Every structure is written in C-alpha cells, then in structure tokens.
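Topology and contacts: notes
Listed below are the residues making up each chain.
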Amino acid sequence: MDPAALIPVPDAIPVHWGWLQFFLHLTLFCHILLMNVTVGTACIAMVGYLRGRGASTPCTELVSRTLPFTIAFTVNFGVAPLLFVQALYGHFLYTSSILMAVFWLAVVGLLIAAYALAYVYKNLYARLGRGRPFVVALMVLLLFTVAFFFVNNFTLMQTPSNWSRYFAHPHGLLLNLADPMLVPRFLHFMVGAVAIGGLAIALWFHWRRSRGDQTADHWLRHGCRWFSFATIANVAIGLWFLAALPQGMLRPATTTGWLFLLCLAIGGMLAVAAVLFGLANRVLPALACTLATLALMLWARGLLRAALLSPWFSMEQLPLTPAATPLFFFLFMLAAGLTLIASMLHFTFRSWAGREELP
Ligand code: HEM
C-alpha cells in the first residue's frame, strides 16, 4: 500500500509557518531542559543510593525537595510545544498517536504515578529510610518509560513508511521498534538528561558556595563530574545515532543537509568546550556552552524531521488562513505566565535564602 494514502489532509494554519516553527523550538527548548533536570537529577540520586548503600546526602536531599517542582514545570512546558507541533505536523502526529494509542494514553497515568512518587519522596523523606532507593528507582523507571513512548511517537510520526504495519497490528499497540534510529535517539536524550541533571546539581551547589556553605564544594565537583562523563558518553551515542540515519538523507548539497551538519559541527565543538569547563569545575561557562549546544541539537532535530518528511510533505503545503489574533493571544498569555513564574521563583528563592535552607 502507498503510505501517502494514509496521511490525512492538513488543517489550515493562522500565521506563516515560520512563526509556529520559531515558537515550537523556543518552547521545546524549555521543555527538554526541564525534562533533563527532572530525569537527570532523579537518576543521579538513584545511583547515589546504590553507591552509598541508601545513605542520605545533601545531594539526594536536594533532589527530593526539587523533583515535585521540576516535574510540574516539565509537564507544563510540554503543553506549548505540543500545541505548535500539532499545528504544523498534526496530520502526522495524530496518525502516529493512534497507531500507538494504548501506550500514548498510558503516558498520562505513568506521569501521575511519577508525580505522586515525587511527593512521597519529598514529604516522607525522613520516614522512608531504606525505602528511599526503591521510591526513586520506581520513579526513574516511570520517567524512562514516558520518555521511551515520546521517542516512539516522535519517530513514528516522521516515518509514514512504517505506518502500514497497522493493518497487521490494528490494536493501538504499535511501537517503532524496527526503526534503527529509535534506541540511539532514546539513549541520546536520556544520557543528555543525566549530564544536564549533573550540571543542575553543580549549579545549585555553586550558588550555595557563593553563600558561604563550606560543604558545597564537594557536591559542586560531584555534579560537574556527572556532567562531564555523561557528556563524553553522549558524544559516542550521538555518533551511533548519526550512523543510524537513513543513508544519503542529509546531503551537504541541500540547504537542510548543510544546516544540519553545521548545527552538529558547532554543537559538537561547544560540547567539547563544555566538557573541558566541567572537568575544571567551572560551572557557569559549562552552562553557557551546554545551553548553546542544546539549542543547536534541537534545531538539528527539527531539520532531520524536515528531511525525513520531505518525500511526503513540506511546510509550503500547509494552507494559510490568516488570523493573527490567536497568536497574539498566545504571546500575551505567554508573557503573563512567564512574568508570574519569574515572580514566584524570585519569591521562593528569596525565602530559601532568608532561611539559609534547601528548597
Ligand atoms: C516528565 C515527563 C516527560 C518526559 C520524560 C518527556 C520526554 C520527552 C522526550 C525524550 C522528548 C523527545 C522525543 C523525540 O524527539 O524523540 C520529548 C518531546 C516532546 N515532549 Fe515531552 N516529556 C515529558 C512530558 C511531556 C508532556 C506532559 C508533554 C505535553 C503536555 C510533552 C510534550 C512534548 C512535545 C510536544 C515534544 C516534541 C515536540 C516536537 O517534536 O517538536 N512532554 N519529551
């Protein structure tokens, strides 16, 4: 069967697709950064327990207190890119979501369970004792499963040639397991999360050190080590991912191809610089290089999607029915929401600083 026959007709968009693409990248950057802090810090706490036979440390205590915040922010910052990606690629994403509907709907329950465990871990931290590693390990497992389903859906949507498998498996239980990009892509996201989780821990203890905490230096170096070694491992996984891309898909002769390679080249160099800063325990320069690398890698991810979908679709095919009001309304709400979040964070940090306590 011709897979093109399975692609629905796209809905009209209200403004030029460039606007939607720009806001998709901007909001996805925030979502992935927060997801990395959530998944990464939870993994580091889990390994900390395994190494320290379940003992509590300033690092595990910090993670227990921040996870309910970071999960909530991750989920909320996932909504905006979901709206933009549906506006641009809804006809692909709705189809892939139906093909794996059981897993896709399960994401809601898995997330609620992970969020509940984050509260158990935070509120019962002292009482859990030896039970802490189990709570954290279960939460990490749930978060990994959510991420795995996300990677499945976002790879399945961009490979319509795999959709006809639905006719052999019409029960909403289709995963994209035959795609050679799936495993390296998933690992690239998860190991990247551990790196950024390490950097977030280093950043927190950098701030504590600046407030005169004598013990902070040890944990700053701990976070930097996690960041540096996970990033080194992720370079190898990134090369595996690159090797798994369809042959000849991204040729430098095409605009998408050379932009993709440019993003990877500059992103790679910045990642090396970030590792060197990380190994030298220089948190702020490592952070600057990492944020730039993440932005470039997410842009490369968008270019890869455009290249994979090019036999089926290009943005110019989206019908345009001009109506700028929804975008202005979104921008107004975004500005209002960000101002509110900034003032809440300012208030929270001021109260922690005043009490000289962890969050
Ligand atoms: C803590 C739970 C979550 C984790 C671990 C997680 C993880 C991920 C990962 C790994 C990706 C990349 C997938 C890929 O490119 O292959 C991703 C993308 C995405 N996530 Fe999340 N996610 C979480 C929650 C959410 C929620 C609740 C939403 C929506 C309300 C959301 C919306 C999105 C969107 C829209 C994208 C991709 C946008 C695009 O392709 O341009 N995420 N997420």
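Residues numbered from 1 in each chain as written. Predicted model: local features only at pLDDT ≥ 70, side-chain atom pairs only at ≥ 80, totals over all residues. Heavy atoms only, no water.

**Overview of the overall build of the protein chain**
The test is simple: Segments assigned H or I by DSSP are reported as helices when at least four residues long, segments assigned E as strands when at least two residues long, and all are numbered from the N terminus. Summary of the burial criterion: residues with accessible area below 20% of their type's maximum are buried, those above 50% are exposed, and those between are partly exposed, where the area comes from a 1.4 Å probe applied to protein chains only. Contact criterion: two residues are considered in contact whenever any of their non-hydrogen atoms come within 4.5 Å of each other. Method for areas: the Shrake-Rupley scheme with a 1.4 Å probe, in which residue coverage is limited to the protein chains shown. In this tally, Asp and Glu contribute negative charge and Lys and Arg positive charge; neither His nor the terminal groups of the chain are included. By convention, the charge on Lys lies at NZ, on Arg at CZ, on Asp at CG and on Glu at CD.
Summing up its helical and strand segments, the protein chain has 10 helices and 0 strands in all. Helices and strands in the protein chain line up, N terminus first, as α-α-α-α-α-α-α-α-α-α. Principal-axis analysis of the C-alpha atoms places the extent of the protein chain at approximately 65 × 45 × 40 Å. Looking at the protein chain as a whole, 47% of its 359 residues are labelled buried. The long-range fraction of contacts in the protein chain, counting pairs at least 24 apart against all pairs at least 6 apart in sequence, stands at 83%. Of the roughly 17,500 Å² of accessible surface on the protein chain, 72% is carried by carbon and sulfur atoms. For the protein chain, the distance from the average site of its 20 positive side-chain charges to the average site of its 9 negative ones is 10 Å.

**Observations regarding the coordination of the iron atom of the ligand**
What counts, and what does not: Note on donors: an N, O or S atom is included if it sits within 2.8 Å of the metal, or within 3.2 Å for Na, K and Ca, and water is never included, so sites can look incomplete.
A lone protein donor contacts the iron atom of the ligand, and this donor is H31 (NE2), found at 2.1 Å. Secondary-structure assignment places H31 in helix α1 (residues 17-51).

**Observations regarding the packing of aromatic side chains**
Convention followed: Stacked, edge-to-face and tilted labels apply to pairs of Phe, Tyr and Trp rings (six-membered ring for Trp) whose centres lie within 6.5 Å, assigned for plane angles under 30 degrees, over 60, and everything in between, in that order.
On inspection of all chains with the given rule, the structure shows 21 aromatic pairs. On the numbers, 6.0 Å between centres and 70° between planes, the contact of Y89 with F313 is edge-to-face. Placement of Y89 in helix α2 (residues 58-99) and of F313 in the loop between α9 (283-309) and α10 (325-355) is noted, with a sequence separation of 224 residues between them. Its relative accessible area of 3% is what places Y89 among the buried residues. Here F103 and F149 contribute two aromatic rings whose centre-to-centre distance is 5.1 Å and whose plane-to-plane angle is 40°, an arrangement assigned as tilted. One end of the pair, F103, is in helix α3 (residues 101-123); the other, F149, is in helix α5 (residues 132-156), with 46 residues separating them in the sequence. Among the aromatic residues, those joined into a cluster by ring pairs are W19, F22, F23, F84 and F330.

**Notes on the nonpolar core**
As a rule of thumb, soluble globular proteins bury nonpolar side chains together. Just so we agree on the cut-off: Definition of nonpolar core: a set of buried residues of the types Ala, Val, Leu, Ile, Met, Phe, Trp, Tyr and Cys, connected through side-chain atoms within 4.5 Å.
Counting residues in hydrophobic clusters, the biggest one holds 90 residues, and the most contacted among them are Y89, F92, Y121, M139 and F205. Elements that contribute at least two residues to this core include exactly α1, α2, α3, α5, α6 (182-210), α7 (216-244), α9 and α10. If you tally residues by element for this core, the top one is α6, at 14 residues. Setting aside anything within four residues of it in sequence, one finds F92 in contact with I7, M157, P160, W163, L309, W312 and F313. Among the nonpolar cores identified, the runner-up in size contains 14 residues, and F241, F260, A300 and L304 belong to it.

**Some thoughts on the site of the ligand**
Where we set the bar: The rule for a residue being near a molecule or strand is that one of its heavy atoms must lie within 4 Å of it. Any pair of nitrogen or oxygen atoms within 3.5 Å is treated as a polar contact; in protein, a donor-acceptor pairing is required on top of that, and neighbouring residues in sequence qualify only through side-chain atoms on both sides. Asp, Glu, Lys and Arg are counted as charged, while Ala, Val, Leu, Ile, Met, Phe, Trp, Tyr, Cys and Pro are counted as nonpolar; the rest, among them Gly, fall into the polar class.
In the region of the ligand, 23 residues are neighbours, and H31, F150, R185, R301 and R305 sit closest. Between a nitrogen atom of the ligand and a side-chain N or O atom of H31, the distance comes to 2.9 Å. Those elements that place two or more of their residues in the shell around the ligand are α1, α2, α5, α6 and α9. The element contributing the most residues to the shell around the ligand is α2, with 7 residues. Here the shell around the ligand is built from residues that sort into 17 nonpolar, 3 polar and 3 charged.

**Some remarks on unusual backbone geometry**
Positive phi values are uncommon outside glycine, yet R53 reaches one of about 50°. A residue is classified by how much of its surface remains accessible, and R53, at 78% relative accessible area, is exposed. Even without glycine at this site, N281 takes up a positive phi of about 60°. Summarising the element assignment, N281 is placed in the loop between α8 (255-279) and α9.

**Describing the packing of α2 against α6**
Stated formally: In this analysis an axis means a line fitted to C-alpha atoms, helices contributing only their contacting stretch, and an angle means the value between N-to-C directions, from 0 to 180 degrees. Orientation categories follow fixed angle ranges, with anything under 35 degrees roughly parallel, anything over 145 roughly antiparallel, 65 to 115 roughly perpendicular, and all other angles oblique.
The N-to-C vectors of α2 and α6 enclose an angle of 105°; their axes lie 11 Å apart at closest approach. Here α2 is positioned roughly perpendicular relative to α6, judged by the angle of their axes. On the side of α2, the interface is formed by P58, C59, L62 and V63, while α6 contributes I201, W204 and F205. Classifying every residue of the contact of α2 with α6 by side-chain character gives 7 nonpolar, no polar and no charged.

**Examining the pattern of salt bridges**
To keep it simple, the criterion reads: Should a side-chain nitrogen of Lys or Arg be within 4 Å of a carboxyl oxygen of Asp or Glu, the pair is scored as a salt bridge.
Under the criterion given, the structure shown has 4 salt bridges. A salt bridge links R208 to D213; the nearest nitrogen and oxygen atoms lie 3.4 Å apart. Like D213, R208 is buried. In this structure, the salt-bridge partner of D217 is R221, at a minimum N-O distance of 3.8 Å. With a gap of 4 residues between them, D217 and R221 both fall in helix α7, about one helical turn apart. In the salt-bridge network here, residues are joined through shared partners; they are R209, D217 and R221.

**Details of a nonpolar patch on the surface**
Selection criterion: Distance thresholds for patches are 9 Å for like charges and 5 Å for nonpolar side chains (Val, Leu, Ile, Met, Phe, Trp, Tyr), applied to residues having over 30% relative accessible area and no salt bridge.
Where nonpolar side chains cluster on the molecular surface, the patch consists of F229, I232, V272, L276 and L279 and spans about 480 Å² of accessible area. Secondary-structure elements contributing two or more residues to the nonpolar patch are α7 and α8. On the secondary structure map, V272 appears in helix α8.

**So, the side chain of N176**
The residue N176 is located in the loop between α5 and α6 in this model. Since its relative accessible area comes to 0%, N176 is described here as buried. A distance of 3.1 Å separates the side chain of N176 from the side chain of N162, its partner in a polar contact. In this view, N176 contacts N152, T155, L156, T159, N162, R165 and L182; residues no more than four positions away in its chain are not counted.

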